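Coordinates in review
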Amino acid sequence: MASVARSIRPWTTCLRQQASRRPHTSIRSFTRSATWQLHSKEMDEDMLSSLKVNQSRLMEDIHYTCQWGTGQRWGDKPTETGMSRLALSDADKEARDWFVETTKALGCHITVDSMGNIFAVRPGLRNDKPPTFIGSHLDTQPSGGRYDGILGVTAGVEVLRTLADNWVETEYPVGVVNWTNEEGARFPMSMVSSGVWAGSIPLETAHNLREVGPNSTATMASELARIGYLGGVPASHSHIPMGAHFELHIEQGPLLEMSNKKIGVVTGVQAYKWLTVTVKGRDTHTGTTDLKSRADALLAASKMILHSHRLASAHSALASTGILNLKPGSTNTVPGEVTFSLDIRAKSDDTVAKMKELVLSDFPAIAAGENINGIQDDCTPGLPCTVDIVEDFDSPATNFHPDCISVVAQAAHSVLGRDSHNLMMEMTSGAGHDSVYASKRCPTSMIFVPCREGVSHNPAEFCKEEDCALGAQVLLQSVVRFDRLRDMDRRSWRQEPYHL
C-alpha cells in the first residue's frame, strides 16, 4: 500500500501545479491529452479517492445563487433563509443565467430545449456517444428551502470544476442539466419538462399549462419566451440523448438522520397519483338555512379528506391535500363549490390503484350522505352534493438501473471509508424527481444525503455542509466510475450519437 501511495503523489502534485497555473474557468480542447493529463479509465481506487470536491466552493455556489428568490427568514445568519424561486420567474431567470455563464466558462457546450431545460456538456475523448448527465433543478416551492434541487445542480457544477481543476479527461462527455419546473408549484405538473423530454408528456400539454392562480393568464410557453429560455431544440430524448442520469438530492425525509446514516443509495421512487376533486352543493345563507336544509360542499369535502387519510392508514399508503379552493368565499354563505387536490402515494402501483378505486367509489357515496365507515356519525344529515374526480398526474413506481445503483454504492463505500456499511443504506424515494422520467430513457440512479429532521418544502430546510460535500463526492465518483464502465459488453441500453 505504501508503494502505491508513493506512485500517486507525483501525479497529484503535478495536477495541482498545473491547476494552480490556470484558472479553473479556462476553456481548453479535450481532443488531445498532454502527458500529465489523466484519463478516467487509467484511474485506480486510490486515484479516484484522491479526487476531492471543494466543500467551501460548493457551499459558496449554493448560497450565492440563493440571492435570487430569497424567501422567509428562519434564523439570524445570512444564509438562514428559505427560497421562493418559482419556475420561469425573474429570479429563476437570474439563477439560469448564472448556470449558463458558469458552465460556459468551464468549456461546456450549452443547449436550451423547447421546455427551457438547460444542458451543459463537457466534452470527453469520444463524443460519438451521449454524455453521462448529472441533473436536478433550480426552481423551488413558494415557501421552500435552499437545498431541494439547488444542491443537485450546484454539486453538478462542482463536479465539472473538480474535473477541470485536476485536468481529468473522461472517455465520454459529462453534462449537467437544469430541468424546468420540477416542483410543479407555479405550473401544476411536477417534473413536467423531464416528462416532455422522455416523451411521456406532450409538448403542447406542457406549453399550455397555466400558472396557478384564479386571474393568471401566463402559460409555460409565454413565460419561457418572456425570460428568453424558449429554446429552439426539441425537448426530446432523441435530440438530446443521455448515456446515464445521476441526481444528488436531500432525502426530504427523516430516515437517514434517524439512523445516523450519511448516504442513501436510491434504488427507485414510489408510485403516486394527483387528483383534483370538485364538490358541488348549494350556496345558502348561514343564518337562515338550518343544517338539514344545507348542501354544504365544504363539509362534504372535509369528510372526503378525512376519509382519504383513513384509507391511507389502512393500506400503508400516503394521502395529502395541499390545495383547497371554495366558492363563494363569504363568511355568512354556505360554500356551494369546493375544489381540492389529493396526492396519493405508495411503494407499489397496485396500492395506489386500489386507493384511487376506493376514492372513486367512496367519495360519491359520502357526497350523497351515506355513512361510509362512520364518516357521518354525530352529524346532522343534509342535502346531497355531487362530486367530480379528475386524475391530473400519474407516476408509476420506478426501479432504477442496477448498474447505476452499483456505481453509486461503490462510490459511497469508497468515500465513507472503513465504516461505510454503517453509514449508508439502500432506500426508496418517497418524492418524485426528474430522475423518474430520465430512467425511462437511460440508466439512472440517485444519491440522498440527510436533511435536518427530514424537513423539506419549508424555509428551514437544512443540510450540513459536510453532508452536502459528501454527497457531491459520491456523485463525482459515481460519474467517473460509470464513465469507466460504459464500453463493457454487458451494457444493455441503446446509446445514440450525441452531436456537440
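Keep in mind the model is a prediction, meaning the values are calculated, not measured.

How each quantity is defined
Residues numbered from 1 in each chain as written. Predicted model: local features only at pLDDT ≥ 70, side-chain atom pairs only at ≥ 80, totals over all residues. Heavy atoms only, no water. UniProt positions renumbered as here; feature names shortened; annotations may be inferred. Helix = DSSP H or I, 4+ residues; strand = E, 2+ residues; numbered from the N terminus. Domains from an automatic or database assignment. Buried area = accessible area lost by both parts, 1.4 Å probe. Salt bridge = Lys/Arg side-chain N within 4 Å of Asp/Glu carboxyl O. Polar contact = N/O pair within 3.5 Å; in protein donor to acceptor, adjacent residues only side chain to side chain. Nonpolar A, V, L, I, M, F, W, Y, C, P; charged D, E, K, R; others polar. Core = buried A, V, L, I, M, F, W, Y, C linked by side-chain atoms within 4.5 Å. Buried < 20%, exposed > 50% of the residue type's maximum accessible area, 1.4 Å probe, protein only. Contact = heavy atoms within 4.5 Å. Expected span 1.5 Å × (residues − 1). Axes fitted to C-alpha atoms, helices over the stretch in contact; angles between N-to-C directions. Parallel < 35°, antiparallel > 145°, perpendicular 65-115°, else oblique. Phe/Tyr/Trp six-rings, centres within 6.5 Å; stacked < 30°, edge-to-face > 60°. Lys NZ or Arg CZ within 6 Å of the ring centre and 35° of its normal. Left-handed = near helix turned anticlockwise from the far one by under 90°.

A few points about the UniProt feature "domain: Peptidase M20 dimerisation" (unreviewed entry) in the protein chain
Under the UniProt annotation, the feature "domain: Peptidase M20 dimerisation" (unreviewed entry) is placed at residues 271–359. Each end of residues 271–359 is marked by a C-alpha atom, and these two atoms are 16 Å apart; helix forms 33% of the span and strand 35%.

A closer look at the domain arrangement of the protein chain
Segmenting the protein chain into domains produces domain 1 (4–269 + 398–493) and domain 2 (271–395). Taking the mean C-alpha position of each, domain 1 and domain 2 sit 39 Å from one another. A combined buried area of about 650 Å² lies between domain 1 and domain 2, and 55% of that area is made up of carbon and sulfur atoms. Where domain 1 touches domain 2, the interface holds 0 salt bridges. Put simply, domain 1 and domain 2 have 2 residue pairs in polar contact (both at pLDDT 80 or more) between them. Along the lines of polarity and charge, the residues of the side of domain 1 that touches domain 2 split into 7 nonpolar, 3 polar and no charged.

Observations concerning the nonpolar core
Proteins that are soluble and globular tend to have nonpolar side chains buried together. Core analysis: the largest hydrophobic core is formed by 101 residues, its most contacted members being F99, F246 and I263. Ranked by the residues each element gives to this core, the list is headed by helix α5 (residues 150–165), at 9 residues. Sequence-distant contacts of I263, that is, excluding residues within four places in its chain, are made with L256, A412, L416, L423, M424, M425, I447, F448, V449, L470, G471 and V474. Among the nonpolar cores identified, the runner-up in size contains 30 residues, and V279, A301, L342 and I375 belong to it.

Quick notes on helix α12 (residues 402–416)
Across its 15 residues, α12 extends 21 Å between first and last C-alpha, which sits within 8% of the 21 Å expected from 1.5 Å per residue. By the burial criterion, the buried members of α12 are D403, C404, I405, V407, V408, A409, A411, A412 and L416. In this structure, the buried residues of α12 make contact with β9 (244–250), β10 (263–269), α13 (420–423), β19 (424–429), β20 (444–449) and α15 (465–485). Downstream of α12 by one or two residues, G417 has phi in the positive range, about 80 degrees.

Considering the packing of helix α3 (residues 55–65) against α15
Packing of α3 against α15 brings their axes to within 9 Å, and their N-to-C directions diverge by 105 degrees. Considered as vectors, α3 and α15 are oriented roughly perpendicular to each other. The segment α3 lies against α15, with Q55, L58 and M59 engaging E465, E466, C468, A469 and A472. Split into classes, the residues belonging to the contact of α3 with α15 amount to 5 nonpolar, 1 polar and 2 charged.

Describing the packing of aromatic side chains
Enumeration over the complete set of coordinates arrives at 11 aromatic pairs. Relative to F393, the ring of W274 has its centre 5.6 Å away and its plane inclined at 50 degrees; by these criteria the two rings are tilted. With W274 in strand β11 (residues 271–280) and F393 in strand β17 (residues 386–395), this residue pair connects regions lying 119 residues apart in the sequence. Residue class for F393 comes out buried when judged on its relative accessible area of 5%. The lysine or arginine in question, R486, covers the ring of Y172, its NZ or CZ lying 4.4 Å from the ring centre.

Observations concerning the pattern of salt bridges
Under the defined criterion, the tally for this structure stands at 18 salt bridges. Across the salt bridge formed by E158 and R57, the nearest N and O atoms sit 2.8 Å from each other. Highlighted residues: E158 in helix α5 and R57 in helix α3, separated in sequence by 101 residues. Both residues of the pair, E158 and R57, belong to the buried class. Measuring nitrogen to oxygen at the nearest pair gives 2.8 Å for the salt bridge that ties D90 to R226.

Digging into the packing of α5 against α15
Here α5 crosses α15 at 60 degrees, and the two axes come no closer than 9 Å. By the angle between their axes, α5 is oblique relative to α15. For the pair α5 and α15, the sense of crossing is right-handed. Contacts from L151, A155, G156, V159, T162 and L163 of α5 reach α15 at C468, A472, L475, L476 and V480. Of the residues contributing to the contact of α5 with α15, the split by class is 9 nonpolar, 2 polar and no charged.

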